[in-house]
Amino acid sequence: MEKSCSLLAHFEKGASALANEIKEALENSDVSAKIDAMKKAIMLLLNGESLPQLFITIVRYVLPSDDHTVQKLLLFYLEIIEKTDAKGQVLPEMILICQNLRNNLQHPNEYIRGVTLRFLCRLNEVEIFEPLIPSILSNLEHRHPYVRRNAILAIMSIYKLPQCEHLLVDAPEMIEKVLSSDQDPSAKRNAFLMLYNCAQDQAIKYLLTNADRVSEWGELLQMVVLELIKKVCRTNKAEKGKYIKIIISLLNAPSAAVIYECAGTLVSLSSAPSAIRAAANTYCQLLMSQSDNNVKLIVLDRLNELKSSHMDIMVEMMMDILRALSSPNLDIQRKTLDIVLELITPRNVNEVVLTLKKEVMKTQGGELEKGVEYRQMLIQAIHSCAIKFPGVASTVVHLLMDFLGDSNVASSMDVIVFVREIIETNSRLRVSIVTRLLDTFYQIRAARVFSCALWIIGEYCLSLSEVESGITSIKQCLGDLPFFSVPEESEAADDSSKKSPQANSIIASSKRPAILADGTYATQSAASETVFSPPTVVQGSSSAENLRSLLLTGDFFLGAVVCCTLTKLVLRLEEVQSSKSEVNKTSSTALLIMVSILQLGQYSVLPHPMDNDSYDRICVCIKLLCDNGDEMREIWLKSCRESFVKMLSDKQLREIEEIKAKAQISSSQPDDLIDFYYLKSRKGMSLLELEDEVQDDLKRATGEFVKDGNDANKLNRILQLTGFSDPVYAEAYVTVHQYDIVLDVTIINRTKETLQNLCLELATMGDLKLVERPQNYTLAPESSKQIKANIKVSSTETGVIFGNIVYETSNVLGRNVIVLNDIHIDIMDYISPAVCRSICIWDFKVAVNTSIQDEKEFLDHIINSTNMKCLTAPSALEGGCGFLAANLYAKSVFGEDALVNVSIEKQGDGKLSGYIRIRSKTQGIALSLGDKITLKQKGSS
């Protein structure tokens, strides 16, 4: 049997003479010196050192000590030392300990008795237990409950050992008497736990006999009762009706832990609607009554699990769940909204939206600590409600538009995207949304929000008044023109005023920029060579001109969007305005704005000059206003909106496909047993049992009980660690959980000799951490051993586990070492497809090198190999132009983001070339994902 370890701590071993120093300190009469020496000895033993020379010293000088700390450390020491030889026989010197243990079990101090009984729970040697049985049994009647409850645990641990059954034949009967007579809650709990583990029939009999009084028992005993009920009902489902009554009676217990366990037990044992409803009610009560945020998160996880299998019942509890938004914790609020959004139906959507509106209004006061982030979550939730149920959009869209000028760019961006989608899907709200947007246009602060708002104005201002209002709003936000001025020196101004108008015009036309000595620009007249002041930016007269401020900081992409919007408005004005002069006047104003933006982009007073794309785009707008044809008008006024409609339809199609993918596809075999519920005898069955039978029949009919085990996938997780010709063969089954890895290593002794002190030594590289100390084992000839190793994971960085097997034999002096194959941790176990909501910074580039010759086939191969989600709409990937660009996204269990851009081109010889760029906030996931893509992009195998 494996040696138990109660303490794991790192200790610097220091000098080799430390054992002699410990020995001298133990022989000292100073108690504090003995305590320090015992601690050092225990630390050395836990770190793999063997100190056989200390045993006799400890027996002579530590055993007689009356100090409680020394006695406790002595028990720690006795627990971790080797008590048996290679053949499994108890060492002779261990008999010296038995007399001391018997004295401790009869000690007048209850603490000494209690810790000694706890120590006995960790022993496995029969020879040590035999002389101690009478003393252990006598402690069942001790006056102090601390001694009694530890005596019960000691009896249970001894009785469970196969070779010790003859020592305590009537132990269950004695413990049952203690259970009936003892008044201490902990002692009663331990007594029932002993019957639960060692004599289950007696525990069931006692429970059913006292079923009416279970609600009066203590919290500890009730928890063990629930464990027993779960164990019994799993083995014998036919009798779960009478136990469910006990569980329901415990739902009113005063302990939160008990009612939480009751709810979980109900869900695991019964699928009847009344049982699920009772469990859901219990979880909702805990959600509101408990103040610990961790408890609330756990309860929300349980409610989320119920939602997946009992949607109809959870819809009834939705408003109770929504009350958890009163918590100030963002994680609780986010998880609550995620659950509620999947429970919305046409019947309750109005109540949900009304509640969310109230929560949004609370964030305006600035009292909440993280009100900006919370508001963003609420806006996204309202957006989802309005998309699913367009009828509620009219009640929230105007409220949300008040946040277009929010200081949080992400929040205001969510609002404008929501408005853009609603104005297309809900045509009845178009006029009111356009009017409201024009009224609040000056409040917008962010360039991205301005761009989206300008696109809405350009596409959805259809009537004459809307077009005119749209142009007026843009002009007001841009302010006075031009955007910069070139002031002249007063003397030059006086001289030029005296000249003729023809001369002034010549001078004005011959002005050119000049560079001064300090590197700044100035304006120089060719006629008089007079140097003027550098051009200065003219700020707007109104503090609300945010659009002008953004342009003056050099955001020329926004300037191009302004020009495109004005172009669309002028083109639409030509359709709705009968007066040609008004159209020409408006067109001239728009052209003046465009030329002013172009001039602004040519001067170096701004942080950077205008980019070529924006310049070309504005020039196209000017050309279109000067000379436009029907074909260009069709493209600008209709094609753009048609593309947006197609994008929305693709988005809805993807959501429908995701819902179908999440839906459980269940089926039952034609030759499965059919259980006719209506032909059963209902005699003696409660309503809950009848409901449970109906639900079980439905699950069997739909195949929900059928578990689809992917055996091939399991075999892929078995890794060979040693060769077939090695004297010790080892293989590992790797199980990956969210934050840890479990290695189940099978070790087989292929020799005819007994392997002693066999140890599996593991080490890790990367963000992996081994949490268990390796233990030594004795392996008989041609026998096997299962060893488990737990490894903690803290990030998705590529990790490697390596190590060796060390053992000793009687024929060879020294230790034999077998080096193990490395285990590489797959990043795919930690990332899952998701929707991108963050900005990724870290960049890593991988060149395309593949034998695949079709662009879409290569993209699908990368998606399947990396477990990522394609963010690019399917319509954007259609066609065969020889180029393909797509964005992929995934999120790890540690909250790390990974954004991948695939850009490929088909060459003349049919091969694909290009790059795959990986962006993330952390370096580890980018490098790991890059290595995975490099390995997998070769082919579809």
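Residues numbered from 1 in each chain as written. Predicted model: local features only at pLDDT ≥ 70, side-chain atom pairs only at ≥ 80, totals over all residues. Heavy atoms only, no water.

Undergrad: I keep staring at the nonpolar core and nothing clicks. Help me out?
TA: Side chains that are nonpolar tend, in soluble globular proteins, to be buried together. Counting residues in hydrophobic clusters, the biggest one holds 216 residues, and the most contacted among them are Y77, L120, F192, L207 and I321. If one sorts the elements of this core by residue count, helix α31 (residues 556-576) sits on top with 12 residues. Ignoring anything within four residues of it in the chain, the contact list for I321 reads C284, L287, L300, L303, M314, T336, I339, V340 and L343. Ranked by size, the runner-up nonpolar core spans 28 residues in total, among them L768, L779, I791 and I818. (Core = buried A, V, L, I, M, F, W, Y, C linked by side-chain atoms within 4.5 Å. Buried < 20%, exposed > 50% of the residue type's maximum accessible area, 1.4 Å probe, protein only. Helix = DSSP H or I, 4+ residues; strand = E, 2+ residues; numbered from the N terminus. Contact = heavy atoms within 4.5 Å.)

Undergrad: Looking at this model, I keep getting lost on the sheet that holds strand β7 (residues 740-749). Mind explaining?
TA: In a beta sheet, neighbouring strands are held together by backbone hydrogen bonds and run either parallel or antiparallel to one another. Across the sheet, which stays open at both edges, the 5 strands sit in the order β5-β6-β7-β11-β9 with antiparallel pairing between neighbours. Strands at the two margins of the open sheet, each flanked by one partner only, are β5 (718-720) and β9 (768-770). Taken over all neighbouring pairs, the strand axes of this sheet differ in orientation by 30° on average, direction set aside. Relative to strand β11 (residues 784-793), β7 is paired through 9 bridges, and the arrangement is antiparallel. Opposite D744, over in β11, you have K788 as the bridge partner. (Pairing = 2+ DSSP bridges. Axes fitted to C-alpha atoms, helices over the stretch in contact; angles between N-to-C directions.)

Undergrad: Got a minute to help me understand the pattern of salt bridges in this structure?
TA: Two side chains bearing opposite charge may form a pair once their charged atoms approach each other closely. Summed over the entire model, instances satisfying the criterion amount to 20 salt bridges. We note a salt bridge from E466 to R430, for which the minimum N-O separation is 3.0 Å. Taken together, the residues span a long stretch of sequence, with E466 in helix α27 (residues 464-478) and R430 in helix α25 (residues 430-440) at a distance of 36 residues. As far as the burial class goes, E466 and R430 line up, both buried. One salt-bridge network, held together by shared partners, links E227, K230 and E261. (Salt bridge = Lys/Arg side-chain N within 4 Å of Asp/Glu carboxyl O.)

Undergrad: Is there a simple way to explain the packing of aromatic side chains in this structure?
TA: Two descriptors summarise a pair of aromatic rings, namely the distance from one centre to the other and the angle between the planes of the rings. Scanning all chains against the criterion turns up 7 aromatic pairs. Measuring from ring centre to ring centre gives 6.0 Å for W455 and Y460, while their planes differ by 70°; the resulting arrangement is edge-to-face. Each member of the pair, W455 together with Y460, is buried. Residues W455 and F644 carry aromatic rings whose centres are separated by 5.0 Å and whose planes lie at 65° to one another, so their mutual orientation is edge-to-face. (Phe/Tyr/Trp six-rings, centres within 6.5 Å; stacked < 30°, edge-to-face > 60°.)

Undergrad: I keep staring at the packing of helix α32 (residues 580-600) against helix α33 (residues 612-626) and nothing clicks. Help me out?
TA: Describing two packed helices takes the angle between their axes plus the distance from one axis to the other. Between α32 and α33, whose axes approach to 10 Å, the crossing angle comes to 160°. As the angle between them shows, α32 and α33 are arranged roughly antiparallel. Where α32 crosses over α33, the two elements pack in a sense that is left-handed. For the pair α32 and α33, contact is made by S587, A590, L591, M594, V595, I597 and L598 and by Y615, I618, C619, C621, I622, L625 and C626, respectively. (Parallel < 35°, antiparallel > 145°, perpendicular 65-115°, else oblique. Left-handed = near helix turned anticlockwise from the far one by under 90°.)

Undergrad: Whenever I open this one, the environment of E316 confuses me. Can you help?
TA: Among the secondary structure elements, E316 is positioned in helix α18 (residues 311-316). Distance from E316 to N281, taken between C-alpha atoms, is 10.0 Å for residues 35 residues apart in sequence. In terms of polar contacts, E316 uses its side chain to reach the side chain of R277, at 3.1 Å. (Polar contact = N/O pair within 3.5 Å; in protein donor to acceptor, adjacent residues only side chain to side chain.)

Undergrad: Please clarify how helix α22 (residues 371-388) should be interpreted in this entry.
TA: Since the α-helix packs 3.6 residues into each turn, any two residues three or four apart lie on the same face. Between the first and last C-alpha of α22 there are 26 Å, a value that for 18 residues agrees with the 26 Å anticipated at 1.5 Å per step. When α22 is considered as a whole, its buried residues turn out to be G371, Y374, R375, Q376, M377, L378, I379, A381, I382, H383, C385 and A386. Where the residues of α22 are buried, they touch α20 (330-341), α21 (349-362), α23 (393-400) and α24 (409-425). (Expected span 1.5 Å × (residues − 1).)

Undergrad: Before we go on, may I ask you to explain the environment of S875 in this structure?
TA: Turning to its location among the elements, S875 is positioned in the loop between β17 (869-870) and β18 (883-892). Put simply, S875 and D650 are 225 residues apart on the chain and 7.2 Å apart in space, counted from C-alpha to C-alpha.

Undergrad: Explain helix α38 (residues 923-936) here, please?
TA: For α38, with 14 residues, the first-to-last C-alpha span of 20 Å sits near the 20 Å given by 1.5 Å per residue. All of the buried residues along α38 are G924, I925, A926, S928, L929, G930, K932 and I933.

Undergrad: Explain the environment of L137 to me, please; I cannot follow it from the model alone.
TA: You can see L137 is positioned in helix α8 (residues 133-138). Residues L137 and A154 lie 17 residues apart in sequence; the distance between their C-alpha atoms is 9.6 Å. In contact with L137, other than residues within four places in its own chain, are I155, L168 and M174.

Undergrad: Would you mind going over the packing of helix α4 (residues 68-80) against helix α6 (residues 110-120) with me for this structure?
TA: Remark: α4 packs on α6, axes separated minimally by 10 Å, with the N-to-C direction vectors making an angle of 10°. In terms of their interaxial angle, α4 and α6 are classed as roughly parallel. From α4, H68, Q71, K72, L75, L78 and E79 reach across to α6, where they touch Y111, I112, V115, T116 and F119.

Undergrad: Sorry if this is basic, but what is going on with the confidence of the model for the protein chain here?
TA: Reading predicted coordinates in detail is not appropriate for stretches of low pLDDT. When pLDDT is averaged across the protein chain, the result is 78; 80% of the residues are at 70 or more. Segment residues 489-512 is flagged for pLDDT under 50; beyond a separation of four residues in sequence, or across chains, it makes 24 contacts in the model. For residues 540-544, every residue scores under 50 in pLDDT, and the model assigns this stretch 3 contacts once sequence neighbours within four places are set aside. (pLDDT = per-residue confidence, 0-100.)

Undergrad: What's the story with unusual backbone geometry in this structure? I'm lost.
TA: Only a minority of non-glycine residues have a phi that is not negative, and only a minority of peptide bonds are not trans. Backbone geometry places N757, a non-glycine residue, at a positive phi of 50°. Mapped onto the elements, N757 comes out in strand β8 (residues 755-765). A positive phi angle, near 55°, is found at E782, a position not held by glycine. Here E782 is to be found in the loop between β10 (776-779) and β11.

Undergrad: What am I meant to see in the side chain of S587 here?
TA: By the secondary structure assignment, S587 is in helix α32. Of the residues examined, S587 reaches a relative accessible area of 10% and is grouped as buried.

Undergrad: Just checking my understanding: could you explain the pairing of strand β6 (residues 728-736) for this structure?
TA: Along any regular strand the residues' side chains alternate between the sheet's two faces. Judged from the 3 bridges that link them, β5 and β6 form a sheet pairing that is antiparallel. In the strand pairing of β6, Q720 is matched with E731. Pairing analysis gives 9 bridges linking β6 to β7, with the strands arranged antiparallel. Its bridge partner lying in β7, Y729 is registered against I748.

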